[in-house]
Structure formats: C-alpha cells, structure tokens
Amino acid sequence: MIRPMKKTFLLSVLLLCVSFVTRAHAAEAPPLSMQILSSKTLSGTAGDYVTVEGQIMNTGLQAVNDLTTYLSLVDTQNKLPVDLEDWSAEKGLYIGTIDAHQALPLNWKIHFVKAGTYSLIIVAEAAGYEIPQASTITKFNVSPKRNLNPRQVLPVALGTPIILIFILFLVTYKRRVEE
Amino acid sequence: MFTHIWKKEIQGELYTWKSMLWLVIASLLFSFTSYLLLTNKELSLLDQTELLWLLGKIIVGVALLILTIDASSIINVEFERETAESLFLSPVSLRDFILGKLLASITLWAAVFLVSIPYIIVTSAGSHLAWAFIGYIALLGMLGVVGFVFLIFGISLLYRSSKNTITTSLIILLAFATPALFTSALKNDVVSQVFSKINPIDNIFNSLDNVLVDYKISVIENWQFLLPLVIFCAITFLFLFLSAKRFTQQGIIRND
C-alpha cells in the first residue's frame, strides 16, 4: 500500500516530468525535413520566371498539425529582406496536417523582379513548436534587363507628334481650299 | 440616318486645328512617357512587362479622360445651341441621334488607340507581347469607353447642361480611377476588394496586369475582368435607355 503522502509526491514528480517533456517538445522544431529539389543556384534576367521545387516530409511518428510554409527572401547585396509582393503570387502555403512519414511537394513560381543576388529559404511553422524548420538556401543571380533603347524610341517619340501635326496642316489646308 | 449625325460630328471634331490639338497633346504625352520609361536609368530597372502595364494604364486613362469630357458636351451642345429642336423636327429619331453621337465618341477612341499603336510596338520590342498588348488595349478600352459613354449620355439627357454633365462625369471617373490606383496593400479589406471587383477601371488595369505581367493572354484567363466590364456596359446602357425614355416623355422643351 502506498501511503497518501507518498502518492501525492509521486504524482507531483510525474506531473513535473510531463511538464518538462511538454516544454522540451515546444522548444523543438517540428519533425520535418525539407528538401530543395531544384538547383541550388537559379539564374536569369529580370522579368524571367523560375520554379523553386521542394519537398516537405514528416519524419516523426505523429502527425504535425496546423502546418504553414512560407518563403523568405533576402537581398544579399544590400543585406535587406525583400518584400515578396511582386516576386511570388503565393507567399505562403497552408498545408494543415501532414501525417507521419507523409511527403508533400512544394512548388513556388518566382518572378525575378530586380537585378541582384538573393537568398531564398522555405520556412515551415507548426502549431505547438516554438522553432520553425527551414530549408537549405537557394541562391538567385538576377541579371538586369536592359531597356535602354533610345535609338528605337526616339524616332517614334518625335515622329508621331510631327506626323500628326503634318496631318492637321493638310486637313486644315484642304478645308480652307474647299471653302 | 445615324451615319449622317456621325459624319457631321466627326467633321466638327476632327476637321479643325482647335478640335484636333488634343490628339497631338495626347501623342506628346505618350512620347514623353515611353521615352522616359525606355531611357531613364531608374525606370529602366523595371521589368519590361511592368513598363508595358504602366504605359497601358496611361493610354486607357488618357482615352477615358478625353472621352469623358467630349461625351459630356457632344449631346448637350445641341440643347445649348438650341439646335436640338430643328434636329428632332427632321426625320431623326432619338435612337439615331444617340447612335450617331456614340459612333462619333468611339471614333475619337479609335483615334487615340491608333496614335498609341507605335508606342505600344516600340515599348514591347523583344517581349513578344506587342499583339496581345494591342489587342487587349483595343478590347478593354472599347468596353470601358462604351460603358462610360452610355453613362455620360444618360446623364446628358437628364441634365441637358454641359457644365453639370462634365462636373458629374469627371467626379464619377475620378471616383472609379482613384481606388484603382491604390496599391494592393490598401485593398486588403472586404469593402475595397468588393469595390475592386465591380470597378470598371480596376478591372481594366487588373486585366492588363494579368496579360502583361502574368502572361495570361487568353480571353478565358481574363474572363473574371471582362465579365464585370460587360455587366458595367449593360447597366449603363439600361441607365441610358431609362434616361432616353424620360427624355421622350418630357419632350425637347422641358417644362421645369
């Protein structure tokens, strides 16, 4: 027979252990592995589209709930995070629940907006975990798109109004002759 | 009979220096914009498709502004010069009168569109988007212009005053155009999103964005923007129909 005091003590120890286990779980990253299947470095010209392909897998024994993945892009030249407004139509992807050992594809279509070098990571965040899981870095090398073609635009920019003025002269002259 | 009114209007609109100068000014505006976009170092860092979108917005915006002002006076001038009475005494029905004036307004839009084509071609060089850009400017511009002209003609038949029609029409244009220029960050709430779905100018700009920036060129991919524009034209046509009915009931000489 366990005496009531001893029973209370054992119960307290048990509760303390459970509390530690829960805390330890919360301070962990979710048991997910994220692989980038596309090239580690993607290059292109401003205006091009590339697809970053990845895979997320639950490596744990239990399902991970309330899972969200999102992109994080950093301009490595200016050392600044980039607003994804024009870079990707889908900045985040809500997965919800991923079962144990289940793997899901992650595809992001990225629009190269501005020249420079960038680092992209995919971040996964799940309910009950304080630390997010991040993928390896994908580097972007975006070369500038040169729109500098004054030779083409100048004849049109000057020519169109001149032609219109000439047509106006002709119309006015014709009207006066008719009168 | 409407062709007679149309020809008469076109002769008045496009046959004198004064009445054609706006087209030269519009052309100078397109020249300045395209030259700046293609040669300015800061702006040239923009993706070419963004540049095309900006030019598209300017072309449609200029056309709508010109058409709003012109359509506001094209009907009212007949009342103010007191030529409406003699016009309706001749075998001209109200339908022919409106149709002739509508064709004249569409001709002005066609003139702005034709002037914009060289700029569209030169700015789209190398992007393979020139034909899509021209086609969608023609389609979206036409739907926008026809919708606004129906609305303005309806207001004209109610007001019978150029000054009041111009003021009201410009305010309506401004009310549609200002939210369309807001960034997407300012369109996060439900009210803005709903207004954006029904706003014809927003739909024109969003469809151009869809075509030029997101490369969604087919009509099916732009149906969500084209349908509200068609509905806008239908609603404004209904408004014009009701105004015309009221006008017929009141007669040319209003007893108020």
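Details of the structure are given in the entry above.
Overview of the overall build of chain A
From N to C terminus, chain A includes 2 helices and 10 strands. In sequence order, the secondary structure elements of chain A are arranged as α-β-β-β-β-β-β-β-β-β-β-α. For chain A, buried positions account for 22% of its 179 residues. In chain A, the proportion of contacts linking residues at least 24 apart, taken out of those at least 6 apart, comes to 72%.

Observations concerning the overall build of chain B
When you go through chain B residue by residue, the secondary structure sums to 12 helices and 0 strands. Along chain B, helices and strands appear, N-terminal first, in the series α-α-α-α-α-α-α-α-α-α-α-α. Relative to its 256 residues, chain B shows a buried fraction of 40%. Counted over contacts in chain B with a minimum sequence separation of 6, partners at least 24 positions apart contribute 77%.

A few points about the pairing of strand β8 (residues 116-125) of chain A
Where strand β4 (residues 64-75) of chain A meets β8(A), 8 bridges bridge the pair, whose relative direction is antiparallel. Pairing of Asp75(A) across the sheet is with Tyr118(A), part of β8(A).

Focus on the sheet that holds strand β3 (residues 49-58) of chain A
All names here are of chain A. Strand order in the open sheet formed by 3 strands is β1-β3-β7, with antiparallel pairing between adjacent strands. Strands at the two margins of the open sheet, each flanked by one partner only, are β1 (32-36) and β7 (103-111). Mean inter-strand twist for the sheet, computed between neighbouring axes without regard to direction, equals 25 degrees. As judged from the 5 bridges shared by β1 and β3, these two strands associate in the antiparallel manner. When the bridges of β3 are listed, Leu32 appears paired with Asn58.

Things to note about the nonpolar core
Residue and element names in this part refer to chain B. One finds Ala63, Leu67, Val112, Val149 and Phe153 to be the most contacted residues of the largest nonpolar core, which totals 68 residues. No other element matches the 16 residues that helix α8 (residues 130-159) contributes to this core. In this structure Phe153 touches Ala71, Ile75, Ile98, Lys101 and Leu240, once residues within four positions along its chain are discounted.

Observations regarding the environment of Leu120(A)
Residue and element names in this part refer to chain A. As for its position among the elements, Leu120 is in strand β8. On the basis of neighbour count, Leu120 is assigned to the buried category, with 22 C-beta atoms found within 10 Å. For Leu120, the contacting residues outside a window of four places in its chain are Val52, Leu71, Leu73, Ile137, Thr138 and Phe140.

Topic: the packing of helix α4 (residues 48-74) of chain B against α8(B)
Residues and elements named next belong to chain B. Where α4 contacts α8, the axes come no closer than 9 Å and their chain directions differ by 25 degrees. Relative to α8, the element α4 is oriented roughly parallel. Handedness of the crossing formed by α4 with α8: right-handed. Along its contact with α4, which presents Leu52, Gly56, Ile59, Val60, Ala63, Leu64, Leu67, Thr68, Ala71 and Ser72, the element α8 presents Phe133, Ile137, Leu140, Gly141, Gly144, Val145, Phe148, Val149, Ile152, Phe153 and Ser156. Taken together, the residues of the contact of α4 with α8 break down into 15 nonpolar, 6 polar and no charged.

Rules behind the numbers
- Residues numbered from 1 in each chain as written.
- Chains lettered and ligands numbered in written order.
- Predicted model: local features only at pLDDT ≥ 70, side-chain atom pairs only at ≥ 80, totals over all residues.
- Helix = DSSP H or I, 4+ residues; strand = E, 2+ residues; numbered from the N terminus.
- Buried ≥ 20, exposed ≤ 12 C-beta atoms within 10 Å, placed from the backbone.
- Contact = placed C-beta atoms within 7 Å.
- Pairing = 2+ DSSP bridges.
- Axes fitted to C-alpha atoms, helices over the stretch in contact; angles between N-to-C directions.
- Core = buried A, V, L, I, M, F, W, Y, C linked by C-beta atoms within 7 Å.
- Parallel < 35°, antiparallel > 145°, perpendicular 65-115°, else oblique.
- Left-handed = near helix turned anticlockwise from the far one by under 90°.
- Nonpolar A, V, L, I, M, F, W, Y, C, P; charged D, E, K, R; others polar.

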